[in-house]
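Observations on the model geometry
Chain residues, written in single-letter form:
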Amino acid sequence: MPSTPTLVVDALNLSDLNGRSIVRDVSLSVNVGEVLAIIGESGSGKTSLALGLMGFARPGMRIGSGRVIIDGRDVLSLPAEELRAYRGNKITNVPQNPTASFSPRMRIGTQIREVLEAHGRDQSQCHSLIENALESVSLPNNEAFLKRYPFELSGGQLQRVAIAVAFITGPRVVVMDEPTTGLDVSTQQTILELIRKLVQTSEASFVYVTHDLAVVHSVADRVAVMYRGDVVETGTREQIFKAARHDYTRMLLKSIPRLQHTSTSPEAVVPQRPPSAAPLLSLQNMQASHGELKAVNGLSFDIAQGQCVGLIGGSGSGKTTTGRAITGLHTKVEGKLLFEGRQLPWRVRDRSKADLRAIQIVFQNPDRSLNPRESISQCVRRAVCLDASLAPDVVEGHVSRLLDRVRLPKRTWSLYPDDLSGGERQRVAVARALATRPKLMICDEITSALDVSIQASVIELLLELKMDGLSMLFITHNLPLVSDIAETLVILKDGNMVETGETSAVLFNPQHDYTKALLASALQLRA
Amino acid sequence: MAAVLVVVTLAVFGPFISPFQYDEIVGGPFQAISVEHWLGTDYLGRDALSRFLYGGHTVLTVAILATGIAYVLAVPIGIIAGLRRGALDLLVIAISDVIYALPPTIFLLVLLAATGPSIPATVLGIVVLHVPRVLRIARLITLDVATSEYVEAAFARGEGWMAISLRDILPNILTPIFADFGVRLCGSIILYASLSYLGMGLPPPAADWGLMISENRIGITIAPWLAIAPALAIALFSVAVSTLSDSFARSIGRSSRSDNA
């Protein structure tokens, strides 16, 4: 390891405009060819820190004191003009959400070239640089590809372009802010491999921000754990995973869902109920399409009373469409849907109020599934009031019981969704779904927008609800997560069911190649 | 804000503080500014200040009334069309397209020529012109809000159209609607002022800002303030109204914005 680190952060402080401290006295150093992972849950200040390294402050935030030294120069004290020459050149960034970081109306090639031109590379150089960059991220480097628009590329491809842009100027420091979070497992895997390859061949230092410990395990050399604005622990990867010193780090490590390979018997975790004779819901040969595109192709499965079925697949596999179709929100569907033995129409407006209340859905992103203009208790009260048989004086009692049930503290009841954290919002969404006393709850990736530690507590809540007899369809791309909760798994690929069976059978003895690939790419951690 | 207050106060309370009757001839035409007549006298020798103070009344009444009625009609139609889609939506859009195609001033002139100039007919005309425009905006934002998962969740648990419109849609489209309200109100003011300038407002000898500009055109070289004062009042009022409604829309927008940047 070279003796002088490329990037040194010295007592960096960031605060919001009211003077509340967001990042406190952070000091770090990263050597050439080294990957430092910054890990923490949302709100821990990790993204603010990453932006601070580039001399940026998010709206409503200020860089207080401290120094960020790259190759011996303090970046923060540079005049604006020189700082701009550093950004995107000597220090570059791979953003979290590639779709939001490209201008939708500009061709890919133009956007890449723009970066080079902004940093004074001349035309002749540009061409070969772009060619090499695209090749290094395994993208086709021909004119046709460069002429495409961002919406013509998949999320994974866009992220590759973003990575290519970050490396194209030969940077000294690359800051990656959750570059794989928005991608599905198999794409995540290939992007991580790509990053590992680039790390080996380039001469830069890397800062990798993430909340995913499994990712840390696979890319990082050293790890800094952030908690509420402080770096609570720094160490090599082995130190952190094997001998974490701080309580928070240990808590994080404990809350990672794992496949049950190591546990003595899966039955001990998943309470098995004897399935009753008739299934609660039976889906028969369902076909769904989005316009011309077939999304689901002949899917059939049953959900028994009190059971949980895990529906698993990568992005574009049709799993969300299936969930929406069962709820009645997808209109272009064919096939049969039997609920309690009766055939149910596909469309919401053709279903009876009682049937609608019996099937409830919780969406992936609680930011969008709660009305921003309704307080938490209003939101739940509305759903409770749909049951006209309830006397007005018992409504309040029901609302409080529901909010208690999902363990939302009383102080939050009068707040609005914007005032709550992601995990709390998702609890509100669950409470709202429970308010109509459903028999079946459809959970569409309900944990994927949440941090690991919060994920675990939401899963715990679902397990409790299941104990109370609620049936569930759990839609996810996260295999380890579903192994905790589902009795039966259905694996979807490109709209086709490739495998189904009891959870343990599918996990320990997968038949289809795709299931095997999924299992292999579900990043594993063994402490 | 202050500008709006001043102009509104002038328009509403003007008649009470005006020194003379608006149609009282007090001297020779185009007299210069004096202690007795602060804005001089107009082309018939009436006190210009008194006429100015009376003149805001109708513009303000017509503009607020017409814009208000247009919103009360258009926003619900827009929400229902956007939320229910289908044949109803197509019909609403077709009708509003036809009205859209009419040139506003000419439409109003023709209408008033047919019915004779009157306040109710003017208000009606401006309402007819505004409704499709407001409706389109309400419908478009509704389409956007209607794809939110909280609206889908509400449908999925069997809530009615009314409940969803009032509790999920309306509160979430108010910000852009308010921002738009200011622009429409300005539009109404200018429309009415032009009508009255063209002689289709209140008939003389009534005092009216638009009419005053046109009446005193002939004296613009001798007593320019006679035309400038009402013109300035109209301009100031439009600018103030749109700034105010914009900042109001912004303030309700800010209170709902999420801060997870």
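Going by the structure above, here's the rest.
Bear in mind that the values here come from a model prediction, so they are computed numbers and not experimental data.

Looking only at helices and strands, chain B has nine helices and zero strands in total. When the helices and strands of chain B are listed from N to C terminus, the series reads α-α-α-α-α-α-α-α-α. Taken over 261 residues, chain B has a buried fraction of 50%. Put simply, 70% of the contacts in chain B that link residues at least 6 apart link residues at least 24 apart. Here chain B has roughly 12,000 Å² of accessible surface; of this, 74% comes from carbon and sulfur atoms. The averaged location of the 17 negative side-chain charges in chain B is 7 Å from the averaged location of its 14 positive side-chain charges.

Moving on, we get to the interface of chain B and chain A. The partner chain A presents 28 residues to the 29 residues of chain B that form the contact. For the chain B and chain A pair, buried surface summed over both sides reaches about 2,300 Å², with 45% attributable to carbon and sulfur atoms. A per-residue breakdown of the area chain B buries against chain A is headed by Glu 149, Ala 156 and Arg 157 of chain B, which together make up 30% of the total. Taken together, the connections running from chain B to chain A amount to three salt bridges. In this structure, Glu 152 of chain B and Arg 324 of chain A form a salt bridge, with 2.6 Å as the shortest nitrogen-oxygen distance. The set of elements that each furnish at least two residues to the side of chain B that touches chain A consists of α6 (149–156), α7 (161–197) and α9 (225–256) of chain B. Tallying contributions element by element places α7 of chain B first for the side of chain B that touches chain A, with eight residues. Each residue belonging to the side of chain B that touches chain A can be placed in one class, and the counts come to 11 nonpolar, nine polar and nine charged.

If you want to describe how two helices pack, look at the angle between their axes and the distance between the axes. Residues and elements named next belong to chain A. Helix α7 (residues 155–168) packs onto helix α4 (residues 108–118) with a crossing angle of 20° between their chain directions and a minimal axis gap of 10 Å. In this view, α4 runs roughly parallel relative to α7, as classed from their interaxial angle. For α4 against α7, the interelement crossing comes out right-handed. Contact residues: α4 offers Ile 108, Ile 112, Val 115 and Leu 116, while α7 offers Leu 158, Val 161, Val 165 and Ile 168. Broken down by class, the residue content of the contact of α4 with α7 amounts to eight nonpolar, no polar and no charged.

All names here are of chain A. On the basis of which strands lie adjacent, the open sheet formed by four strands has the order β13-β12-β15-β16 and antiparallel pairing. Sheet topology places β13 (293–303) and β16 (342–343) at the edges, where each strand pairs with a single neighbour. Taken together, the eight bridges between strand β12 (residues 281–290) and β13 define a ladder with antiparallel strand orientation. Bridge pairing in β13 places Ala 288 opposite Val 296. Against the sheet, helix α12 (residues 319–327) makes contact with β12, β13 and β15 (333–339), and its axis sits at roughly 115° relative to β12, the strand it touches most.

The next subject is the pattern of salt bridges. Residue and element names in this part refer to chain B. Per the counting criterion, the structure on display carries 34 salt bridges over all chains. Taking the shortest distance from any N to any O, the salt bridge between Asp 89 and Arg 85 comes out at 3.3 Å. Residue classification places Asp 89 among the buried positions, given a relative accessible area of 4%. Linking Asp 97 and Arg 136 is a salt bridge whose minimum nitrogen-to-oxygen distance equals 2.8 Å. Residue Asp 97 is found in helix α3 (residues 86–100), and its partner Arg 136 is found in helix α5 (residues 119–146); the two are separated by 39 residues along the sequence. Residue class for Arg 136 comes out partly exposed when judged on its relative accessible area of 25%.

With that settled, the discussion passes to the packing of aromatic side chains. Residue and element names in this part refer to chain B. All chains considered together, the criterion is met by six aromatic pairs over all chains. Between the aromatic rings of Tyr 71 and Phe 181, the centroid separation amounts to 5.0 Å while the plane-to-plane angle is 65°, which identifies the pairing as edge-to-face. Separated by 110 residues along the polypeptide, Tyr 71 in helix α2 (residues 48–84) and Phe 181 in helix α7 bring together distant segments of the chain. Where Phe 155 meets Trp 161, the ring centres are 5.2 Å apart and the plane angle is 70°; that geometry is what we call edge-to-face.

How each quantity is defined
Residues numbered from 1 in each chain as written. Chains lettered and ligands numbered in written order. Predicted model: local features only at pLDDT ≥ 70, side-chain atom pairs only at ≥ 80, totals over all residues. Heavy atoms only, no water. Helix = DSSP H or I, 4+ residues; strand = E, 2+ residues; numbered from the N terminus. Buried < 20%, exposed > 50% of the residue type's maximum accessible area, 1.4 Å probe, protein only. Contact = heavy atoms within 4.5 Å. Areas by Shrake-Rupley, 256 points an atom, 1.4 Å probe, with all protein chains shown as cover. Lys, Arg positive; Asp, Glu negative; His and termini not counted. Charge placed at Lys NZ, Arg CZ, Asp CG, Glu CD. Buried area = accessible area lost by both parts, 1.4 Å probe. Salt bridge = Lys/Arg side-chain N within 4 Å of Asp/Glu carboxyl O. Nonpolar A, V, L, I, M, F, W, Y, C, P; charged D, E, K, R; others polar. Axes fitted to C-alpha atoms, helices over the stretch in contact; angles between N-to-C directions. Parallel < 35°, antiparallel > 145°, perpendicular 65-115°, else oblique. Left-handed = near helix turned anticlockwise from the far one by under 90°. Pairing = 2+ DSSP bridges. Phe/Tyr/Trp six-rings, centres within 6.5 Å; stacked < 30°, edge-to-face > 60°.

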